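Given next are the chains, with one letter for each unit.
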Amino acid sequence: MKETKFRRLRRDELEEVTPQFVKFLSVNGIDAQSWVRIKEDDPRRADGLILQFSQIVFAGVIERVEYLVQRKPHDLRSYRCGPDKIEMRGLLLSGDTSVDLTDSSLAPRQIFVQLRADGATPKLYTAERAYLPIGRDQDIFLRMEEGALIDNGELFRILDGL
């Protein structure tokens, strides 16, 4: 197989996309019986097919990513993934607060109301940069492997407006 940009899908991830994997195998002329035989007789080929499918899945998902969010209890980072650069808007909490930024059920506006009530200090920070030389797709993939999740952009827009 050619260059691999992304890791192999884990078993639980592969199970989530089973119908697509079956179609992938079918397009490659592999029916259910053949797949069972390949897994038993040629595990390296089976692993290669899973790796090839993984590349297609990750590339398709990452191509459509516009926003990511990465949450830690007192640090929130929201990213806008443009065609040429990645922009980050962050919120760092200092002082005692009951706000836990990993709680995604907390609406963005509620966060600030609670911070004010707790007397905690939020610090906003921003950054932007061109994508790493490895390219947009792999740069975004690295953010995701570090815990960033695909987001709708609401947090980025709120932080950007502050």
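A quick note: this is a predicted structure, and the numbers were derived from the prediction, not measured.

Undergrad: Got a minute to help me understand the environment of Asp-151 in this structure?
TA: With respect to the secondary-structure elements, Asp-151 resides in strand S5 (residues 149-151). The class of Asp-151 is partly exposed, set by a relative accessible area of 21%. C-alpha of Asp-151 to C-alpha of Trp-35: the two residues are 116 residues apart in sequence and 36 Å apart in space. Beyond its immediate chain neighbours, meaning those up to four positions away, Asp-151 contacts Tyr-67, Leu-68 and Val-69. From its side chain, Asp-151 meets the backbone nitrogen of Gly-153 in a polar contact 3.2 Å long.

Undergrad: Explain the nonpolar core to me, please; I cannot follow it from the model alone.
TA: Buried together is how nonpolar side chains tend to be arranged in soluble globular proteins. Within the largest apolar cluster, 28 residues are counted, with the highest numbers of intra-cluster contacts made by Phe-21, Trp-35, Phe-53 and Cys-81. Here the element with the most residues in this core is helix H4 (residues 43-63); it accounts for seven residues. Once you skip the residues sitting within four places of it in the chain, Trp-35 turns out to touch Phe-21, Leu-25, Ile-30, Ala-46, Leu-49 and Ile-50.

Undergrad: I would appreciate a short explanation of the side chain of Asp-75 in the present structure.
TA: Mapped onto the fold, Asp-75 is located in strand S2 (residues 75-81). Side-chain polar atoms of Asp-75 contact the side chain of Arg-77, separated by 3.5 Å. Discounting residues that sit within four places of it in the chain, Asp-75 has contacts with Gln-70, Leu-91, Leu-92, Leu-101 and Tyr-125.

Undergrad: Explain the pattern of salt bridges here, please?
TA: Pairs may arise between side chains of opposite charge once their charged atoms sit close together. Considering all chains together, one arrives at 14 salt bridges under this definition. Note that Arg-80 is salt-bridged to Glu-87, the shortest N-O span being 3.0 Å. Overall, the relative accessible area of 26% leaves Arg-80 in the partly exposed class. Here Glu-87 falls in the buried class, since its relative accessible area comes to 10%. One salt-bridge network, held together by shared partners, links Arg-7, Arg-10, Asp-12, Glu-13 and Glu-145.

Each value, and the rule that gives it
- Residues numbered from 1 in each chain as written.
- Predicted model: local features only at pLDDT ≥ 70, side-chain atom pairs only at ≥ 80, totals over all residues.
- Heavy atoms only, no water.
- Helix = DSSP H or I, 4+ residues; strand = E, 2+ residues; numbered from the N terminus.
- Buried < 20%, exposed > 50% of the residue type's maximum accessible area, 1.4 Å probe, protein only.
- Contact = heavy atoms within 4.5 Å.
- Polar contact = N/O pair within 3.5 Å; in protein donor to acceptor, adjacent residues only side chain to side chain.
- Core = buried A, V, L, I, M, F, W, Y, C linked by side-chain atoms within 4.5 Å.
- Salt bridge = Lys/Arg side-chain N within 4 Å of Asp/Glu carboxyl O.

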